Amino acid sequence: MDRAPTIRDVASLAKVHAATASRALNPRTRDKVSPRTVQRVVEAARTLGYAPNSAARSLRTRTSSVAGVIIPDLRNPMFPPIVRGIEDGLAEAGYMALLGNTDDDADRERELVATMRGRQTDGFILATSHRGGIPLDGTVPVVLVNRRTDVGDTPSVTADGPAGVYALVRLLHELGHRRIGHLAGPRDVSTGWDRYRAFQDAMASYDLTGPVEFCDFFTEESGRLATARLLDATPDLTAIVASNDLIALGCYDVMNQRGLRCPEDISVTGFNEMPFVDKQRPSLTTVRIPLYDLGLESARLLLDRIANPSGPAKSVVLPTQVIQRESVARPSRR
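Residues numbered from 1 in each chain as written. Predicted model: local features only at pLDDT ≥ 70, side-chain atom pairs only at ≥ 80, totals over all residues. Heavy atoms only, no water.

Undergrad: Please clarify how the packing of helix 1 (residues 7-14) against helix 3 (residues 35-48) should be interpreted in this entry.
TA: To describe two helices that pack against each other, one gives the angle between their axes and the distance between the axes. With their axes 8 Å apart at the nearest point, helix 1 and helix 3 run at an angle of 120° to one another. In terms of axis orientation, helix 1 runs oblique to helix 3. Where helix 1 crosses over helix 3, the handedness of that crossing is right-handed. Counting all contacts with helix 1, which are made through Asp 9, Val 10, Leu 13 and Ala 14, the residues of helix 3 involved are Arg 40, Val 41, Ala 44, Ala 45, Thr 47 and Leu 48. (Axes fitted to C-alpha atoms, helices over the stretch in contact; angles between N-to-C directions. Helix = DSSP H or I, 4+ residues; strand = E, 2+ residues; numbered from the N terminus. Parallel < 35°, antiparallel > 145°, perpendicular 65-115°, else oblique. Left-handed = near helix turned anticlockwise from the far one by under 90°. Contact = heavy atoms within 4.5 Å.)

Undergrad: I'm lost on the sheet that holds strand 9 (residues 267-269) in this one. Help?
TA: Strands in a sheet are paired, the pairing made by backbone hydrogen bonds, and the direction either parallel or antiparallel. Taken in spatial order, the four strands of this open sheet run 7-6-8-9, and their pairing is parallel. One side of each edge strand has no neighbouring strand; the edge strands of this open sheet are strand 7 (212-214) and strand 9. Here the average twist between neighbouring strands, direction ignored, is 15°. When strand 6 (residues 180-184) meets strand 7, the two strands line up parallel, connected through three bridges. Within strand 7, the residue paired with Leu 183 across the bridge is Glu 213. The sheet strands contacting helix 8 (residues 190-205) are strand 6, strand 7 and strand 8 (239-242), and the helix crosses strand 6 at an angle near 165°. Across the sheet, helix 10 (residues 245-257) is in contact with strand 6, strand 8 and strand 9; its angle to strand 9 comes to roughly 155°. (Pairing = 2+ DSSP bridges.)

Undergrad: What am I meant to see in unusual backbone geometry here?
TA: What you tend to see is this: most non-glycine residues have negative phi, and most peptide bonds are trans. Cis geometry is found at the peptide bond from Cys 262 to Pro 263, where omega equals 10°. For Pro 263, the position within the fold is in the loop between helix 10 and strand 9. At the junction of Arg 281 and Pro 282, the peptide bond is cis and its omega measures out at 0° in the coordinates. Topologically, Pro 282 is positioned in the loop between strand 9 and strand 10 (286-288). Positive phi is not limited to glycine here, since Asp 103 has a value of about 55°. One non-glycine residue with positive phi stands out, namely Phe 276, at about 80°.

Undergrad: Just to check I follow, could you spell out the layout of surface pockets for this structure?
TA: In this model, the largest pocket occupies a volume close to 430 Å³. Lining the largest pocket are 21 residues, and of these Arg 30, Val 38, Glu 92, Arg 300 and Asp 304 lie nearest its centre. When residues of the lining of the largest pocket are traced back to their parent elements, those giving at least two are helix 3 and helix 11 (291-307). Of the residues in the lining of the largest pocket, the class split is nine nonpolar, three polar and nine charged. By volume, the second largest pocket is sized at about 250 Å³. (1 Å grid on protein atoms, 1.4 Å probe; cavity = no way out; pocket = protein on both sides within 12 Å on 5 of 7 lines; lining within 4 Å. Points joined across faces, edges and corners; volume = space filled by probe spheres on them. Nonpolar A, V, L, I, M, F, W, Y, C, P; charged D, E, K, R; others polar.)

Just geometry here; none of it tells us what the structure is for.
Take a look at the structure:
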């Protein structure tokens, strides 16, 4: 095709009327078309490389076809796959993502939200929310990704963190570990708090208790500081469950500095299955969460929220899987 494809071309390939194709590609009217027809139209648009004329649609519908996406730390390797899923999910409806990074700074988050609202974004996907709430007033559609609030009044897409932590503790227990510590994430973030609570519950199920050190951030540096405190207080640990992979890498650093071997002296586990943890030495045992799918589902949930702003706040929880590698083994005497 020598020219840019039009909505009529999409309709022709999908074998529907042009008006039906237009409704199927617009999240505000998609619910007026059968799911099977929507799928056929979306596939036709993707095949043709059709891109809606967002400027014309903005004038006609007073929407921008832009969603604000705010993440806490671009340096964290888990976020690029999530953002990729978000972009692909939004593109299905002709939307694009406007990305912002907060560096875990609440003031920066508020500035980004204000700036993006000034650009007439149609909604937000936030990976920065804290347990206490979100920095928005409820007048614009919002979906949380990889986070949730304690109130639960905002749609969210998360992975089943508690199940993952429980599986890690079970694995270590089956290997013979009884002195297991936890490097917990920040208390004010649902991922940190939920994994901490899951660790406590899992240990209790085996009639065990274990020392805990909280990290201020999900970073290697926080992991190093917390590991030093944990080992100073409990030098006879045989295993450590870290709240995420970056914290686990910080744990590796401190162990190396102190001449401790992993897993011969202390087994270590992470969480998130971020890229390249399988290339670490030793390769890191962790919990795989579907990063791309987290983003994809959050985009679809936001599009649904834009189309039905008064609908119930849906909560989507995706499954997790333990990936056992070289960083865990049976405990040995030191």
